[in-house]
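Single-letter residue listing:
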Amino acid sequence: MLSKRLIACLDVRDGKLAKSIRFVDTRDIGDPVEKAREYYLDGLDELVFYDITASSDKRNIMLDVVEAVAEQVFIPLSVGGGIRSVADATDLRLAGAEKINVNSAAVQRPALISECAEAIGSQNIVLSMDIRAVDVSETCQSGYQIVINGGRTPMGLDALAWALQGERLGAGELVINSIDADGTQKGYELKLTAMLAEAVRIPVIASGGAGTPDHLVDVLTQGKADAALVASMVHYGAYTISELKQHLHAHGVKMRMSW
Amino acid sequence: MNQRTAVIIDYDAGNLKSVQRACAEVGLSASISADPEVVRRAERVIFPGVGAAGSAMRSMTRAGMGEALKEVIRSGVPVLGICLGLQISLDYSEEDDQATLGLLPGRVVRFRFDKPELKIPHMGWNEVRVTKPHPILEGIEPGDEFYFVHGYYPEPEQTGQVYALTEYESDFASAVGQDNYFATQFHPEKSGRVGLRLLSAFSEWNGRC
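Residues numbered from 1 in each chain as written. Chains lettered and ligands numbered in written order. Predicted model: local features only at pLDDT ≥ 70, side-chain atom pairs only at ≥ 80, totals over all residues. Heavy atoms only, no water.

Asks: A description of the interface of chain A and chain B should follow, citing residues and the corresponding values.
Replies: Each partner contributes to the interface: chain A provides 37 residues, whereas chain B provides 34 residues. Contact between chain A and chain B buries roughly 2,900 Å² in total, counting both sides, with carbon and sulfur atoms accounting for 48%. Its largest share of buried area at the contact with chain B, chain A owes to L2(A), F74(A) and R201(A), together 28% of the area lost on that side. Inspection of the region where chain A meets chain B yields four salt bridges. The partner of E98(A) in a salt bridge is K190(B), with the nearest N and O atoms 3.1 Å apart. Across the contact surface, chain A and chain B share 20 residue pairs in polar contact (both at pLDDT 80 or more). Elements with a minimum of two residues in the side of chain A that touches chain B: α2 (60-70) and α3 (86-95) of chain A. It is α3(A) that contributes the most residues to the side of chain A that touches chain B, three residues altogether. Of the residues in the side of chain A that touches chain B, the class split is 18 nonpolar, six polar and 13 charged. (Contact = heavy atoms within 4.5 Å. Buried area = accessible area lost by both parts, 1.4 Å probe. Salt bridge = Lys/Arg side-chain N within 4 Å of Asp/Glu carboxyl O. Polar contact = N/O pair within 3.5 Å; in protein donor to acceptor, adjacent residues only side chain to side chain. Helix = DSSP H or I, 4+ residues; strand = E, 2+ residues; numbered from the N terminus. Nonpolar A, V, L, I, M, F, W, Y, C, P; charged D, E, K, R; others polar.)

Right under this line is the structure:
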């Protein structure tokens, strides 16, 4: 039986680790390679790097980070943040990323998803969606809409419609990131996650809001997610990766328990 | 002692450096080559792959690599197939309705489920249950999981060529082999410590089982 996955997301700015609080303030928390290795040895199932480097001339630093991590960490490695073209995706793949996350640029130009799927394979394209709850309306019937620019710009695009379109265009996986829950540590947006997980046939990764191990149990059961993404709850030492996996396992969630 | 070496066949099938790096981690010095002559001279061969059966077969045929691979297998050199490498070593794949290399009898079929909660592709970590001992699978224990990502699965004709099973709704063959050829549906290079152990066992395998 397929296990649920525990994924850690590391935000990287100018080659250093940063943790974003609701995407607005960020602060450095250390060396990405060291942290990645630590999590890998503690049983992490998959790793995501999100590049939040602002200036474009510093973006190549990320390739070096990916390369260094890929030499030491033998689990799937996913990279996102600022990917606008097939060339960006291919560069990161050559550096050692397994999967490529597209987000804002795909909202602005959906063909990016199909172009990347064609070039590097559907299973390696992850469509990352930043989502806010809104009032149900004619144009937003699911009650959730897509936002970009780190949550600042609403796009008037229904999250459910976008998830289905992304799947049709060739995304191999979805990240459901609730901007409302992100940084709150009060739990994932279960209703949103379950709605999207039930609507698509591709795997769904829940993101945003994890604060306690029970939040992970909830999103992997009631929330119907295939994987749960964590960040600050492990980065600052409140919990270790293996503790979280043991908690999930003890609560009946199928996890990989030997590593 | 001489450094153990291998050649990774490059046929446009994706992330070969991750295979190369994992080999380096277990002391196997692997070069990546698209040249059939280099493959013919290899001490060991790794036949990886991510992508689709149709385009993979076109690249294999165009470069004359299919023939080279068949020759090295006949010559007794240890060969390890990974993922799509396994799939195109059978006779036929439903993916792109493609005739494939025919190294082992069998076909590759698409996962079909009535249950919407079973996602396609089969992506993530799943248990590999060894059903027949093999030097490459030595040390794998019940409960050990490997990383998979695939929408199609192998159906070898001869059960004697199946070495491990994995369950996704029902059991499918996750490791197959014959003589000096061995192949996995999962990705040892992305499967942490157990994956590295498998690659290490391959690096020491003499091609007999």
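Back to the text.
Asks: Pulling in residues and values, what's your account of α2(A)?
Replies: All buried positions along α2(A) are accounted for by M62(A), V65(A), V66(A), V69(A) and A70(A). Projected down its long axis, α2(A) shows its buried positions confined to an angular sector of 125°, all on one face. More than 90 degrees from the buried face of α2(A), the exposed residues found are N60(A) and D64(A). The inward-facing, buried residues of α2(A) contact β1 (5-13), α1 (32-41), β4 (46-51), β5 (77-80) and α3 of chain A together with α1 (16-25) of chain B. (Buried < 20%, exposed > 50% of the residue type's maximum accessible area, 1.4 Å probe, protein only. Arc of directions from axis to C-beta.)

Asks: Go over the packing of aromatic side chains, please, and point to the residues and values.
Replies: Inspection of the entire model under this criterion finds 12 aromatic pairs over all chains. Here F111(B) and F172(B) contribute two aromatic rings whose centre-to-centre distance is 5.8 Å and whose plane-to-plane angle is 80°, an arrangement assigned as edge-to-face. Here the residue F111(B) occupies a position in the loop between β7 (106-110) and β8 (122-127), and F172(B) occupies one in strand β13 (residues 170-178), the gap between them amounting to 61 residues. We classify F172(B) as buried; its relative accessible area is 2%. A centroid spacing of 5.3 Å and a plane angle of 85° characterise the contact between F113(B) and Y168(B), whose relative ring orientation is edge-to-face. Of this pair, F113(B) sits in the loop between β7 and β8 while Y168(B) sits in strand β12 (residues 162-168); the two residues are 55 residues apart in sequence, bridging distant segments of the chain. Neither residue differs from the other here; F113(B) and Y168(B) are each classed as buried. Cluster of aromatic residues (ring-pair linked, three or more members): F111(B), F113(B), F146(B), F148(B), Y153(B), Y168(B), F172(B) and F186(B). The residue whose ring lies beneath R256(A) is W125(B), and the NZ or CZ to ring-centre distance is 3.7 Å. One cation-aromatic arrangement involves R44(B) over F202(B); the distance from NZ or CZ to the ring centre is 5.8 Å. (Phe/Tyr/Trp six-rings, centres within 6.5 Å; stacked < 30°, edge-to-face > 60°. Lys NZ or Arg CZ within 6 Å of the ring centre and 35° of its normal.)

Asks: Just give me the short version of the side chain of E173(A), but keep the residues and values in it.
Replies: Tracing the chain through its elements places E173(A) in strand β10 (residues 173-178). Those residues in contact with E173(A) that lie beyond four places of it in its chain are R5(A), K99(A), I125(A), V126(A), L127(A), I202(A), P203(A), I205(A) and M123(B).

Asks: Could you give an account of the pairing of β5(A), with specific residues and numbers?
Replies: Residue and element names in this part refer to chain A. Burial along β5 is two-sided: L77 and V79 facing one way and S78 and G80 facing the other are all buried. One ladder, built from four bridges, connects β4 with β5; its direction is parallel. For F49, the partnering residue across the bridge sits in β5 and is V79. (Pairing = 2+ DSSP bridges.)

Asks: Give me the state of the cysteines: which residues, what numbers.
Replies: Taken as a whole and assessed by the stated rule, the structure comprises zero disulfides over all chains. In this structure C9(A) is not part of a disulfide, and its nearest cysteine sulfur, from C116(A), lies 19 Å away. Classification of C9(A) as buried rests on a relative accessible area of 10%. Not engaged in a disulfide, the cysteine C83(B) finds its nearest cysteine sulfur in C23(B); these two sulfurs lie 16 Å apart. Look at C83(B) and you get buried, because its relative accessible area is 6%. (Disulfide = S-S within 2.5 Å.)

Asks: Any details on the sheet that holds β7(B)? Residues and values, ideally.
Replies: Residue and element names in this part refer to chain B. Reading across the sheet, the four strands line up as β6-β5-β7-β11 and stay open at both edges, with mixed pairing between neighbours. Each edge of the sheet is formed by a strand with only one pairing partner; in this case those strands are β6 (98-99) and β11 (152-156). Sheet analysis places strand β5 (residues 92-93) next to β6, joined by two bridges and oriented antiparallel. Following the sheet pairing, S93 is matched in β6 by Q98.

Asks: Lay out unusual backbone geometry in plain terms, naming residues and giving numbers.
Replies: Generally, phi is negative for residues other than glycine and the peptide bonds are trans, each holding for most cases. Note that the residue after I120(B), namely P121(B), is joined by a cis bond; omega there is 5°. Examined against the element boundaries, P121(B) turns out to sit in the loop between β7 and β8. Positive phi outside glycine occurs at Q185(A), with the angle close to 60°. Residue placement: Q185(A) occurs in the loop between β10 and α7 (190-199).

Asks: Account for the sheet that holds β13(B), naming residues and giving values.
Replies: Where strands meet in a sheet, backbone hydrogen bonds hold them as pairs that are either parallel or antiparallel. Residues and elements named next belong to chain B. Reading across the sheet, the eight strands line up as β2-β1-β3-β4-β14-β13-β12-β9 and stay open at both edges, with mixed pairing between neighbours. The open sheet is flanked by β2 (28-33) and β9 (129-130), the only strands paired with a single partner. In this structure, strand β1 (residues 4-9) lies alongside strand β3 (residues 45-47), joined through two bridges in parallel fashion. Bridge pairing links V7 to V45 in β3.

No statement about biological role is implied by the geometric values presented.
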